[in-house]
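Residue-level structure breakdown
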Amino acid sequence: MNNKITDSITYIGVNDHDIDLFEGHYDVPLGMAYNSYLIRDEKIAVMDTVDERKMDDWLANLKEALAGAKPDYLVVQHMEPDHSSSIVAFLVQYPGTTVVGNAKTFKMISQFFPHLAIANTLEVKNGDTLSLGKHELTFVFAPMVHWPEVMMTYEAADKVLFSADGFGKFGANDVEDPEGWACEARRYYFGIVGKYGAQVQSVLKKAAELDIRIICPLHGPVLDRDLGYYLKLYDTWSSYLPESDGVCICYTSVYGHTKTAAEFLAEELTKRGVPKVALNDLARSDMPECVEDAFRYDKLVLATTTYNSEIFPYMREFIDMLVERNFQKRTVAFIENGSWAPTAMKVMKKKMEGLKNITYAKNNVTILSALNEETSEQLVALADELAEGYEPVVPEEVKIDPTALFKIGYGLYVVTCNDGRKDNGQIVNTVSQVASKPDRIAVNINKANYSAEVIQKTGVMNVCVLNEQAPFQVFKHFGFQSGRTVDKFADYPHAAKARNGVAYLTKYANAYISLKVFNVVDMGSHWMFLCDITESVVLNAVETMTYTYYQKNVKPKPEEKKKGWVCDICGYIYEGEELPEDFICPLCKHPASDFSKLE
């Protein structure tokens, strides 16, 4: 199957419908695609081979695309066998081809094919280029996305990024995925790449400097439109941020009582308007699907029985998979069951204690054998806690809740306004109550900001008091771009309209206060807007984001260039000038000889 991607780039990959488990682990009901590409210019380059399972089909596609010509280069971006196991067969047919790779690539080639003698090789370094004529390839190293030798390749003429395993998905390319790209791409990402979020973020920063029109991954479809959608998802996934509002409940149950509790909680959450409740029986559901749900939603409930003073095996495996993939930035609740000595909650917490930025629920539940009236009420309290913040809080009538003013501190806020065409918002750190009877608020905004200009004209705004759950992306979204050129609320999912017609944040804020300006004081660089309160609403009980909390816990720390050694096998970093000769990697147990010095 050959498809033209551009006038000079042809898809020569293959589909596999015979495979049942990808990597011997992942269920692939829609099959699998092994992608390969041919670039035709004064020189001809082949981008990767395919799994030997479909080697003959691929060689036929390659022969057809070459139309009697011979390839000059074989670029090996990734040495995992589903992309490299046809290298020998390729070189048998085209022995004069120059194989292009990096130092780690050639080391792995010698490991996989110890008797292979390659006539012509070209070893490249990060940032090196290779001219094919009109087309120039730039090699962008992507170590541990998700193997140490991985590199991506940018083709400048057609503005194509050959992304190796990045942006890949499960499923053959000749089958329409009824759930769209994201579902199987998400399961693929968190199953295979998810551990390496920091490395993916590093590659995304490199990609941001390139003019990319088309992404050609090694699995899944070629992406040639709406690239912002795919890049945004990858940024969300690799930042470990929740993608969607919702609660994932994962349970194991021996005799059905824990299952009953999990189902009861799911019903209570649904009643409370939680936008999505994903209920998973870990013994019967596809485990990678459960991992996908845990990373997709912002809250997770783990429910299991005490089993030999430990936890049920499927729950142990599930938590191990979360820990291995650096699960973080979520709210986690526990339900344990035990007839005489329940210890499951303690064990689960112990297994998760090394995870970052986990908020544990206050209303965790211990069941002794079966649900009763008391534990059912505890589940209701847990449902109340988990459901908080999903439904916009809109009072039935206009009122001023004085406790909303208690949220004001030396904190951080999103001030929203409307210019008559669109809502706008910006980050502000100077909001204060300046009078009572009537309650009055002062808001200071830099004159150069678009919001200041709009509020000067309209005299109307909302102050959204950010809470400690607000991620850095909120500050980037409202603080790092201008409302003069960007509609900040066009695709923003966590917003609703207040009674004054101006947007407010329904998530990541614990209150909003609607204001009407009655006076403006010129402070030099800033205007101080003196305002009456027209409405104030408490949204949730999460603590206010103080400036100190932001600096310590939210704002990214400056990246320091680490001195040390990286494990070529698993990516573990040993910090230090010298690596001890007898050092053993604590993760994969490989020796010092498998470490490379950080560049």
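Overview of the structure. (Residues numbered from 1 in each chain as written. Predicted model: local features only at pLDDT ≥ 70, side-chain atom pairs only at ≥ 80, totals over all residues. Heavy atoms only, no water.)

Each neighbour pair has its own omega, and for V145 with H146 the value is 5°, a cis peptide bond. Tracing the chain through its elements places H146 in the loop between β13 (136–141) and β14 (151–155). Cis peptide bonds are those with omega within 30 degrees of zero, and the linkage from K437 to P438 qualifies with 0°. Residue placement: P438 occurs in the loop between β26 (431–435) and β27 (440–446). Phi at A164 takes a positive value of approximately 55°, unusual for a residue other than glycine. Considering the arrangement of structural elements, one finds A164 in the loop between β15 (160–162) and α5 (180–193). Positive phi, close to 75°, is recorded for S369, a residue that is not glycine. The topology assignment puts S369 in the loop between β23 (365–367) and α12 (373–387). (Helix = DSSP H or I, 4+ residues; strand = E, 2+ residues; numbered from the N terminus.)

Mapped onto the secondary structure, V365 falls in strand β23. Look at V365 and you get buried, because its relative accessible area is 0%. In sequence terms V365 and A381 are 16 residues apart; their C-alpha atoms lie 9.5 Å from each other. Setting aside its immediate chain neighbours within four residues, V365 contacts F334, I335, E336, M345, T375, Q378, L379 and L382. (Buried < 20%, exposed > 50% of the residue type's maximum accessible area, 1.4 Å probe, protein only. Contact = heavy atoms within 4.5 Å.)

With antiparallel pairing, the three strands of this open sheet are ordered in space as β34-β33-β35. The open sheet has two edge strands, β34 (573–575) and β35 (595–597), and neither has a second partner. The average undirected angle you get between the axes of adjacent strands in this sheet is 25°. (Pairing = 2+ DSSP bridges. Axes fitted to C-alpha atoms, helices over the stretch in contact; angles between N-to-C directions.)

For the α-helix, the turn length of 3.6 residues means that residues three or four positions removed from each other point alike. Taking 1.5 Å of rise per residue, twelve residues should cover 16 Å, and helix α10 (residues 313–324) covers 16 Å from first to last C-alpha, within 8% of that figure. Where α10 is concerned, the buried positions are M315, F318, I319, M321 and L322. Looking down the long axis of α10, one finds its buried residues gathered within 155° of arc, a one-sided arrangement. Buried positions along α10 lie against β17 (244–251), α9 (287–296), β19 (297–307), β20 (310–311) and α11 (344–352). At the exit of α10 stands N326, carrying a positive phi of roughly 60°. (Expected span 1.5 Å × (residues − 1). Arc of directions from axis to C-beta.)

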